[in-house]
Amino acid sequence: MNLFFKTIGYVFAILFAVGAIVQYNDPDSFLWILIYALAAIISVLFSLNRLRAVVPLVLGTACFIGFMYLYPTDFQGFGLEDGPIETVELGREAFGLLIIALVMFFYTVRLRRMLKI
């Protein structure tokens, strides 16, 4: 794997680790710390080229399903002034899952492409 993709993996590992850390004050913090920590670990494994394509595919699919489940029908934005706090919080959580899903799908495509080359 070339330096560009390793760097992407490490950058997302750091971002997801920070995401896990800032979840400590959330009412359901254990779940969100687990999700972001798992995404960080998978990102490190991707950078180290120690990952099978099925792993990020499964996590990405689960996160995308979670995004569709959590996405509020009356979402108006991420700011506290953009609507009820419950809607804002659900929107933030949903889009966090979407970001993880997109990154995991990116890893899956890259890993599958590496197998064909």
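In this text, all values refer to a predicted model and were calculated from it rather than measured experimentally. (Residues numbered from 1 in each chain as written. Predicted model: local features only at pLDDT ≥ 70, side-chain atom pairs only at ≥ 80, totals over all residues. Heavy atoms only, no water.)

**What about unusual backbone geometry?**
Where the residue is not glycine, phi is negative for most of them; where a peptide bond is considered, it is trans in most cases.
Then, in step 1: Even without being glycine, Asn49 reaches a positive phi, approximately 60°.
Then, in step 2: Mapped onto the fold, Asn49 is located in the loop between helix H2 (29-47) and helix H3 (54-70).
Then, in step 3: Looking at Asn49, the relative accessible area reads 42%, which means it is partly exposed. (Helix = DSSP H or I, 4+ residues; strand = E, 2+ residues; numbered from the N terminus. Buried < 20%, exposed > 50% of the residue type's maximum accessible area, 1.4 Å probe, protein only.)

**A look at a nonpolar patch on the surface**
Then, in step 1: A cluster of nonpolar side chains, Ile14, Val18, Ile21 and Val22, forms an exposed patch at the surface whose accessible area comes to about 390 Å².
Then, in step 2: By the element assignment, Val22 lies in the loop between helix H1 (3-21) and H2. (Patch = residues over 30% accessible without salt bridge, like charges linked within 9 Å, V, L, I, M, F, W, Y side chains within 5 Å. Areas by Shrake-Rupley, 256 points an atom, 1.4 Å probe, with all protein chains shown as cover. Salt bridge = Lys/Arg side-chain N within 4 Å of Asp/Glu carboxyl O.)

**A closer look at the packing of aromatic side chains**
Then, in step 1: Scanning all chains against the criterion turns up 15 aromatic pairs.
Then, in step 2: A ring pair is formed by Phe75 and Phe95, whose centres lie 5.6 Å apart and whose planes are at 40°; its orientation type is tilted. Of the two residues, Phe75 is situated in the loop between H3 and helix H4 (85-116) and Phe95 in helix H4; the sequence distance between them amounts to 20 residues.
Then, in step 3: A residue is classified by how much of its surface remains accessible, and Phe95, at 24% relative accessible area, is partly exposed.
Then, in step 4: The rings of Phe64, Phe67, Tyr71, Phe75, Phe78 and Phe95 are connected pair by pair, giving a single aromatic cluster. (Phe/Tyr/Trp six-rings, centres within 6.5 Å; stacked < 30°, edge-to-face > 60°.)

**So, the side chain of Thr87**
Then, in step 1: Summarising the element assignment, Thr87 is placed in helix H4.
Then, in step 2: Those residues in contact with Thr87 that lie beyond four places of it in its chain are Pro72, Asp74 and Phe75. (Contact = heavy atoms within 4.5 Å.)

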